[in-house]
Amino acid sequence: MDASLLARLTDTYRDLHAHPELSGQEVRTAALAATWLRENGFDVTEGVGGTGVLGLLRRGEGPAVLLRADMDALPVAEETGLAWASEVAGVMHACGHDVHVTCLLGAASELAADPAWSGTLVLLLQPAEETVSGARAMVADDLAGRVPRPDVVLGQHVAPLPAGMLGLRAGAAFAASDSLRVTLWGRGGHGSRPETTVDPVVMAAATVLRLQGIVAREVAGTQTAVVTVGAVHAGSAPNIIPDHAELLVNVRTYDEAVRERVLGAVSRIVHAEAAASGAPREPEVDPTESAPAVVNDAAATERVRSALAGVVGAGRVVEPGPVTGSEDVGVLAQALGAPLVFWLLGGADPAAFAGASTPEELVRVVGTLPSNHSPHFAPVPDPTLSVGVAALVAGARAWLSA
Ligand code: ZN
Ligand code: ZN
């Protein structure tokens, strides 16, 4: 990459990192991206699904490629001590979406300056990934009517792999995530007279324990799932039996049949425990967030794998295994009827991996580094940005015809 472009991208990255914006509030980030794309000759639409931005570059006949980046930050107080640390109290780019935006803008510049392709390039900057709502909001705001149907949707997520390394996996790559709010209804009363009440605290406790049996007893040994009760809310005083309890439940799965079975089991157990307690009212199970699994198209993944190997070398495109984290990029690909390829971009300081030569040693070091969402998460700009740009450009060029 041209040294002046890299310098400008590094400045942009530091600026975005210092000015993080929460989900759905990515106004400054979106404006910066829109300006950059216009300067590079893209036809830009702002305000798609909230703060989403679309940039189109049409060059006659040929395939269409969509490159996607998410823009939002997290309610995390930064503790990296970086010179370009967040200037917004309690808000931080702790998931690296600032890296994604910067790399997408770099790819926009590189591809706009490259005369040797034809087709249509679509750049999509998505709001509110962390709340699993931004992709759906763009789809609901007529995404499919605003862009040509792409031949492929490409994207990347920065991760604590060594910078200069990429992770790519065909098939299920990121888990589906479903969040539920469960309300258990009892009958409140005095703590000294439980016989006159239906205690929702005991109902909630039994439910939480019983839910742990789903993965152990209902999911096959060859399959996998996670069921986590992340919050339990009930009551306010030691001598009052409250009238209801609330559980916040999260389910991660990779396979649709497993997903349906686990969600069905959660609902069945919640209702059965309420019945066992003699609840005066049916419990409520309300879905609050849902992201489908990220499933990389097998054929398109092999095409991208060759392209990425051309960027970092075949030995540095590794199989990361399925990630239990989730991403809503799959919503975009599904809505546009396009195959998806989504890879991991190494962002960790390679010095931390000195001496780690086998995949096992690599995995061990990754486990010691700050992960995404940590207040210490700090990808190194060099070479993360240049590799991230080159990966997007190579991926796009694998479709855009010469
Ligand atoms: Zn995240
Ligand atoms: Zn993320």
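Residue positions within a chain follow its written sequence, with the count starting from 1. Each chain takes a letter, starting from A, and each ligand takes a number, starting from 1, following the order in which they are written. Since the coordinates come from a predicted model, pLDDT governs what is reported: local features require at least 70, and pairs of side-chain atoms require 80 or more to be given and counted, while whole-chain, interface and lining totals use all residues. As a convention, hydrogens and water are excluded, and side-chain values are obtained from all of the structure's heavy atoms.

A separate point is the sheet that holds strand β16 (residues 340–348). Strands are treated as partners if at least two bridges between them are detected by DSSP. Strands here are runs of E lasting at least two residues and helices are runs of H or I lasting at least four, both read from the DSSP assignment and numbered beginning at the N terminus. If you walk across this open sheet you meet the eight strands as β1-β2-β4-β3-β5-β16-β6-β15, and the pairing is mixed. Each edge of the sheet is formed by a strand with only one pairing partner; in this case those strands are β1 (43–48) and β15 (317–318). Lying over the sheet, helix α2 (residues 27–39) contacts β1, β2 (52–59) and β4 (119–126), oriented at roughly 165 degrees with respect to β1. Any two residues whose heavy atoms approach within 4.5 Å are treated as being in contact. Whenever a helix is involved, its axis is fitted only over the stretch in contact; in every case the axis is a line through C-alpha atoms, and angles between N-to-C directions fall within 0 to 180 degrees. Sheet strands in contact with helix α9 (residues 298–312) are β5 (152–162), β6 (166–167), β15 and β16, and its direction is about 30 degrees off that of β16.

It is worth spelling out the environment of F342 at this point. Among the secondary structure elements, F342 is positioned in strand β16. A C-alpha to C-alpha distance of 14 Å links F342 and L124, two positions 218 residues apart in sequence. Apart from residues no more than four positions distant in its own chain, F342 is found in contact with R68, G155, Q156, H157, L168, F174, V294, N296, E327 and V329.

Turning next to the pattern of salt bridges. One speaks of a salt bridge when a side-chain nitrogen belonging to Lys or Arg is within 4 Å of a carboxyl oxygen belonging to Asp or Glu. Considering all chains together, one arrives at 17 salt bridges under this definition. Here E39 and R8 are joined by a salt bridge, their closest N and O atoms 3.1 Å apart. On the criterion of sequence distance, the pair formed by E39 in helix α2 and R8 in helix α1 (residues 3–18) is long-range, its members being 31 residues apart. Here R181 ties to E246 by a salt bridge, and the two come within 3.5 Å at their closest N and O atoms. Pair noted here: R181 is in strand β8 (residues 176–185) and E246 is in strand β12 (residues 244–253), with a separation of 65 residues, a long-range link. Relative accessible area decides the class of each residue, using a 1.4 Å probe on protein chains only: under 20% of the type maximum gives buried, over 50% gives exposed, and in between gives partly exposed. Classification of R181 as partly exposed rests on a relative accessible area of 34%. Ionic contacts of the salt-bridge type, sharing partners, join the residues R68, D70, E327 and D328 into one network.

This brings us to the nonpolar core. For our purposes a nonpolar core is just a set of buried Ala, Val, Leu, Ile, Met, Phe, Trp, Tyr and Cys residues, chained together by side-chain atoms within 4.5 Å. Counting residues in hydrophobic clusters, the biggest one holds 53 residues, and the most contacted among them are L37, L67, L121, L154 and W343. Those residues within four positions of W343 in sequence are excluded, and the remaining contacts are L154, G155, Q156, H157, L166, G167, L168, V304, L308, A391 and L392. Counting residues in hydrophobic clusters, the runner-up holds 32 residues, among them V48, L124, L344 and A348.

Attention shifts here to the coordination of the zinc ion (ligand 2). Distances from the zinc ion (ligand 2) to its protein donors, C95 (SG), H97 (NE2) and H157 (NE2), fall at 2.1 to 2.4 Å. Any nitrogen, oxygen or sulfur atom within 2.8 Å of a metal ion counts as a donor, with the limit raised to 3.2 Å for Na, K and Ca, and since water is left out, coordination shells can look unfinished. Along the chain, the residues donating to the zinc ion (ligand 2) fall in the pattern C-x1-H-x59-H. A separation of 3.1 Å is found between the zinc ion (ligand 2) and the zinc ion (ligand 1), which are bridged by C95. Placement of the pair is C95 in the loop between β3 (64–70) and α3 (97–113) and H157 in strand β5, with a sequence separation of 62 residues.

Before going further, it helps to examine the domain arrangement of the protein. Residue ranges assigned to each domain were obtained from an automatic or database domain assignment. According to the domain assignment, the protein consists of domain 1 (3–175 + 293–400) and domain 2 (176–291). Relative to domain 2, the C-alpha centre of domain 1 lies at a distance of 36 Å. Put simply, buried area is how much 1.4 Å-probe accessible surface two parts lose in total, over both of them, once they are put together. For the pair domain 1 and domain 2, the two sides together bury roughly 880 Å², of which 58% comes from carbon and sulfur. Linking domain 1 with domain 2 are zero salt bridges. Throughout this description, a polar contact denotes any pair of N or O atoms lying within 3.5 Å of each other; where both atoms belong to protein, one of them has to be capable of donating a hydrogen while the other can accept it, and for residues adjacent in sequence the pair is counted only when both atoms sit in side chains. Counting across the domain 1 and domain 2 interface gives five residue pairs in polar contact (both at pLDDT 80 or more).

Glancing now at the coordination of the zinc ion (ligand 1). Coordination sphere of the zinc ion (ligand 1), protein contribution only: C95 (SG), E130 (OE), E130 (OE) and H373 (NE2), at 2.0 to 2.7 Å. Expressed as a motif, the donor residue spacing for the zinc ion (ligand 1) is C-x34-E-x242-H.

Here we take up the sheet that holds strand β10 (residues 225–234). The strand order β10-β12-β8-β13 describes an open sheet built from four strands, whose pairing is antiparallel. Since the sheet does not close on itself, it has two edges, and those belong to β10 and β13 (284–291), each with one partner. Recorded for the sheet is a direction-independent mean angle of 15 degrees between the axes of neighbouring strands. Lying on the sheet, helix α8 (residues 256–277) is in contact with β8, β10, β12 and β13; it crosses β8 at an angle near 10 degrees.

On to the packing of α9 against helix α12 (residues 381–397). For any two helices packed against each other, one specifies the crossing angle of their axes together with the interaxial distance. Running from amino to carboxyl end, α9 crosses α12 at an angle of 145 degrees, the nearest separation of the two axes being 9 Å. Regarding α9 and α12, the two cross each other, and that crossing is right-handed. For the pair α9 and α12, contact is made by A307, L308, V311 and V312 and by V387, A390, A391, A394 and G395, respectively. As a working rule, the residues Ala, Val, Leu, Ile, Met, Phe, Trp, Tyr, Cys and Pro are called nonpolar, Asp, Glu, Lys and Arg charged, and the rest polar, with Gly in that last group. Partitioned by chemical class, the residues of the contact of α9 with α12 number eight nonpolar, one polar and no charged. Rotating anticlockwise by less than a right angle from the far helix to the near helix defines a left-handed crossing, while the corresponding clockwise rotation defines a right-handed one.

What follows deals with the environment of P160. Within the element layout of this structure, P160 appears in strand β5. On a C-alpha basis, the gap between P160 and S371 in space is 6.3 Å, while along the polypeptide they are 211 residues apart. Look past the residues within four positions of P160 in its chain and what remains in contact with it is A348, F353, V366, L369, P370, S371 and N372.

Remark: helix α6 (residues 200–211) packs on α8, axes separated minimally by 9 Å, with the N-to-C direction vectors making an angle of 145 degrees. Crossing of α6 over α8 shows right-handed handedness. Contacts between α6 and α8 involve M203, A206, T207, R210 and L211 from the former and V266, I269, V270, E273, A274 and S277 from the latter. When the residues that make up the contact of α6 with α8 are grouped by side-chain class, the tally is seven nonpolar, two polar and two charged.

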